[in-house]
Amino acid sequence: MITIATYNIKGGVGKTTTAVNLSYLAAETGARILVCDLDPQAAATYCFRAKPRIRGDGRALVARKRPLARHIRQTDHHGLDLLLAHFSYRHLDLLLDHSKYVRR
Amino acid sequence: MVDRGDAETMLRWEERDGRVGHRAKVAKAPDFADDLVPGGFRDNLLAVTGVRRLLHVVTVERTSECVAVLDRRDKTVVRVYLERGIATTGARRRRLPLWGRVEGLLGYDSAFAALTRFLESALGLERQDSTEFELALAVTGVVPANQTTLADLTLDPRERADCATRRVLAVLFGTLQANEDGVRRDLDTEFLHDFRVAVRRTRACLGQLRPVLGDQLASRFTTEFGWLGSLTGPTRDLDVYLLNLVGYTAELSDSVRPDLRPLREHLTRRRQAAWDDLLEGLASSRYQRLIRAWRRVVLSGDDTNGTEAARPIRVVAATRIRRAYKRVRRRGRALETATSAESIHELRIACKKLRYLLEFFRSLFDDGPGGEIIRALKRLQDDLGEFNDLEIQQDELQESARVLLHDGRVSASVLLTMGRLTERLQLRQHVVRRRLGEGVSGFVNRRTASIIEGLLTTGDRLGRRVTSSR
């Protein structure tokens, strides 16, 4: 798998916007795309006009207590789906660090 | 489905419930799944269609208006399409009813439910579960893959053997005819394959049920269907070779792979020549006569006058199956001592005859030869078939090398690569040969024997009951 990172230490320079637009272009080619918005600020979720809300919190997701599919929303664009953001993702790095499912 | 819009052509994967899975942009409708660019769509389609050609079924010219239902954030939560269309197939053109399609978006189930409730209760619309494709088929009256197979055939155990046999033959004749056009147009390799299987099954039926059909009829048509079998053989052998060559080539290292191109070209030329002969054969008066005469036999059956014609089919079938099994057992045991290619070929033919009988008469023995022995037989047959293909391919390879060398069309490196390929085929054949012993003991054993004997005793009981009640 090819990994493309859009990164910068500065905020507000268009990292999320670029990622969202790349995902749209990929979906346009016919590929099926899932955008995972793991940013507690929910900027990508906002781009797709979806409502950032998950019952429970990030812990339930990482502990696999809730199926991931339940938090996926179809966007307005064909073949492009979104995993909704949640405020609790601000602790995601810590959660993942302690999860028994994480493989390095 | 191929969506030809104003700007682009899209391939659409629609599930039976109308959900759209993959989509792929294409320049034109593909002939084969393999024509698509590598990716999820091609892989999924390949898994379904394999080497089969994608055939046009029906065209729908459609105008569609889309209404998006938005939530408070202006996010689309449901789409409603209003569609008008005309379905065309051949010269037939039919208007589709005005059609509303409600498309729910993943994660917005409650909006979808609310809207459909509104449409049904407030507007009084009726829900239809058929897809646009099914609707187009319904209005045009097209039935794709309209073929009766042996699996659809239900025989009555007490039916006269000649009537039942004729019904089996009628199904086979239907398959033969359904595939003839695809063979003539060379649409894909499977039309010829299915055509050949129908011919082989017919021949097996003629041979195995000779006492039912009568000597005169069986002899006459055995010769004719034998001719038809040999007419179609060379093309099929080369089809199999060319299909396998793709895999063989992939196993060789990159540097020598181009060396097989002259071989592929040579085989393609030979295949073309074989197919030309086949077409000529299908256009011949001998073929036309055969089909005309055979149709009469299958439909009227006046000529069937064998000694067992009037016996109940279940009794005849059980006896025939036992005989065929005994032949397999004999050949299978002989395999342990002599494993010449000929003895393996003979076992292969014996297995085929048995398998065909089991398939013809499956509906008679719901308590009998369950999937278990058919599965064991199939495993054995797969190995026998592969062994045979490898044998043919090695012969073909040697012959090709001789011809290519004679014509001066090849370099030493090409011949060396062909040599390497021969060795691979030999090795593979050696592996298959070693597996054959297991395959034989997996099928020729006490369990199979008792099941086969079981058929006969129930068959006998039924036979006696039928006879005594008359």
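Residues numbered from 1 in each chain as written. Chains lettered and ligands numbered in written order. Predicted model: local features only at pLDDT ≥ 70, side-chain atom pairs only at ≥ 80, totals over all residues. Heavy atoms only, no water.

I'd like a rundown of the overall build of chain B, residues and numbers included.
Helices and strands together make up the secondary structure of chain B, namely 14 helices and seven strands. Expressed as a percentage of its 470 residues, the buried residues of chain B come to 45%. Of note, chain B has its 80 positive side-chain charges centred 5 Å away from the centre of its 66 negative side-chain charges. (Helix = DSSP H or I, 4+ residues; strand = E, 2+ residues; numbered from the N terminus. Buried < 20%, exposed > 50% of the residue type's maximum accessible area, 1.4 Å probe, protein only. Lys, Arg positive; Asp, Glu negative; His and termini not counted. Charge placed at Lys NZ, Arg CZ, Asp CG, Glu CD.)

Describe in detail the interface of chain A and chain B, supporting the description with residues and values.
If you look at the interface, chain A gives 17 residues, while chain B gives 15 residues. Roughly 1400 Å² is buried in total at the junction of chain A and chain B, and carbon and sulfur atoms are behind 45% of that figure. Summed over the three residues of chain A that lose the most area to chain B, namely A:Arg49, A:Gln74 and A:His78, the buried surface amounts to 39% of that side. The tally of links from chain A across to chain B stands at one salt bridge. For B:Lys75, the salt bridge is made with A:Asp76, and the minimal N-O distance between the two is 2.7 Å. At the boundary of chain A with chain B, the tally comes to eight residue pairs in polar contact (both at pLDDT 80 or more). A per-element tally of the side of chain A that touches chain B places strand β2 (residues 72-74) of chain A first, with three residues. The class makeup of the residues in the side of chain A that touches chain B is four nonpolar, six polar and seven charged. (Contact = heavy atoms within 4.5 Å. Buried area = accessible area lost by both parts, 1.4 Å probe. Salt bridge = Lys/Arg side-chain N within 4 Å of Asp/Glu carboxyl O. Polar contact = N/O pair within 3.5 Å; in protein donor to acceptor, adjacent residues only side chain to side chain. Nonpolar A, V, L, I, M, F, W, Y, C, P; charged D, E, K, R; others polar.)

Break down the packing of aromatic side chains for me, with residues and values.
Residue and element names in this part refer to chain B. Inspection of every chain in the model, using the stated rule, returns seven aromatic pairs over all chains. Considering the side-chain rings of Tyr356 and Phe360, the 6.5 Å spacing of their centres and the 25° angle between planes classify their relative orientation as stacked. Linking Tyr356 with Phe360, this pair stays in helix α11 (residues 341-360), spanning four residues, or about one helical turn. Within the aromatic cluster, the residues linked to one another by ring pairs are Phe221, Phe225 and Trp294. Sitting over the ring of Phe191, Arg52 keeps its end group 4.5 Å from the ring centre. Geometry around Tyr81 places Arg101 over its ring, the cationic atom sitting 4.4 Å from the centre. (Phe/Tyr/Trp six-rings, centres within 6.5 Å; stacked < 30°, edge-to-face > 60°. Lys NZ or Arg CZ within 6 Å of the ring centre and 35° of its normal.)

Residue-level account of the state of the cysteines, with values.
Going through the model one piece at a time under the given rule, you end up with zero disulfides over all chains. Free cysteine: A:Cys47, not disulfide-bonded; nearest cysteine sulfur from A:Cys36 at 15 Å. Looking at the unpaired B:Cys163, the closest cysteine sulfur is the one in B:Cys205, lying at 13 Å. (Disulfide = S-S within 2.5 Å.)

So what's going on with a nonpolar patch on the surface? Which residues, and what values?
Residue and element names in this part refer to chain A. A contiguous nonpolar surface patch, about 550 Å² in accessible area, is contributed by Ile2, Ile4, Leu22, Tyr24 and Leu25. By the secondary structure assignment, Leu22 is in helix α1 (residues 15-28). Look at Leu22 and you get partly exposed, because its relative accessible area is 40%. (Patch = residues over 30% accessible without salt bridge, like charges linked within 9 Å, V, L, I, M, F, W, Y side chains within 5 Å. Areas by Shrake-Rupley, 256 points an atom, 1.4 Å probe, with all protein chains shown as cover.)

Describe a positive patch on the surface, with residues and values.
A contiguous patch of positive charge, built from A:Lys51, A:Arg53, B:Arg72 and B:Arg73, is present on the exposed surface. Here A:Lys51 shows up in the loop between α2 (43-47) and α3 (58-62). For A:Lys51, a relative accessible area of 48% gives the class partly exposed.

Talk me through the sheet that holds β2(A); I want residue IDs and the actual numbers.
Residue and element names in this part refer to chain A. In space, the three strands of this open sheet follow the order β1-β3-β2, with mixed pairing throughout. If you trace the sheet from one side to the other, it starts and ends with β1 (33-36) and β2, each paired once. Between one strand axis and the next, the sheet turns through 30° on average, direction left out of account. Looking at chain direction, β2 and strand β3 (residues 80-83) are connected through three bridges and run antiparallel. Note on β3: the bridge partner recorded for Arg73 is Leu82. Where α1 meets the sheet, it contacts β1 and β3, and its direction lies at approximately 165° from that of β1. (Pairing = 2+ DSSP bridges. Axes fitted to C-alpha atoms, helices over the stretch in contact; angles between N-to-C directions.)

Can you tell me about the packing of helix α7 (residues 215-251) of chain B against helix α8 (residues 261-283) of chain B, naming the residues and giving the values?
All names here are of chain B. It is at 9 Å that the axes of α7 and α8 come closest, and there the two elements cross at 155°. Relative to α8, α7 is oriented roughly antiparallel. As α7 packs across α8, the resulting crossing turns out to be left-handed. Looking at side-chain class alone, the contact of α7 with α8 contains 15 nonpolar, five polar and five charged residues. (Parallel < 35°, antiparallel > 145°, perpendicular 65-115°, else oblique. Left-handed = near helix turned anticlockwise from the far one by under 90°.)

Would you mind going over unusual backbone geometry in detail, with residue names and values included?
A positive phi angle, close to 60°, is found at A:Ala42, a residue other than glycine. Of note, A:Ala42 is situated in the loop between β1 and α2. Located in the positive-phi region is B:Asp186, a residue other than glycine, with phi close to 50°. Structurally, B:Asp186 is set in the loop between α4 (161-184) and α5 (189-208). With relative accessibility at 25%, the residue B:Asp186 sits in the partly exposed group.

Provide a residue-level description of the packing of α7(B) against helix α13 (residues 412-443) of chain B, including the pertinent values.
Residue and element names in this part refer to chain B. With their axes 11 Å apart at the nearest point, α7 and α13 run at an angle of 105° to one another. With respect to α13, the axis of α7 lies roughly perpendicular. Contact residues: α7 offers Tyr241, Leu245, Tyr248 and Glu251, while α13 offers Leu421, Arg424, Leu425 and Arg428. In the contact of α7 with α13, the residues fall into five nonpolar, no polar and three charged.

Account for the side chain of B:Gln393, naming residues and giving values.
Residues and elements named next belong to chain B. Assignment of secondary structure puts Gln393 in helix α12 (residues 371-406). Taking relative accessible area as the criterion, Gln393 reaches 2% and is therefore assigned buried. Those residues in contact with Gln393, other than ones at most four positions away along the chain, are Val240, Tyr241, Asn244, Tyr248 and Leu425.

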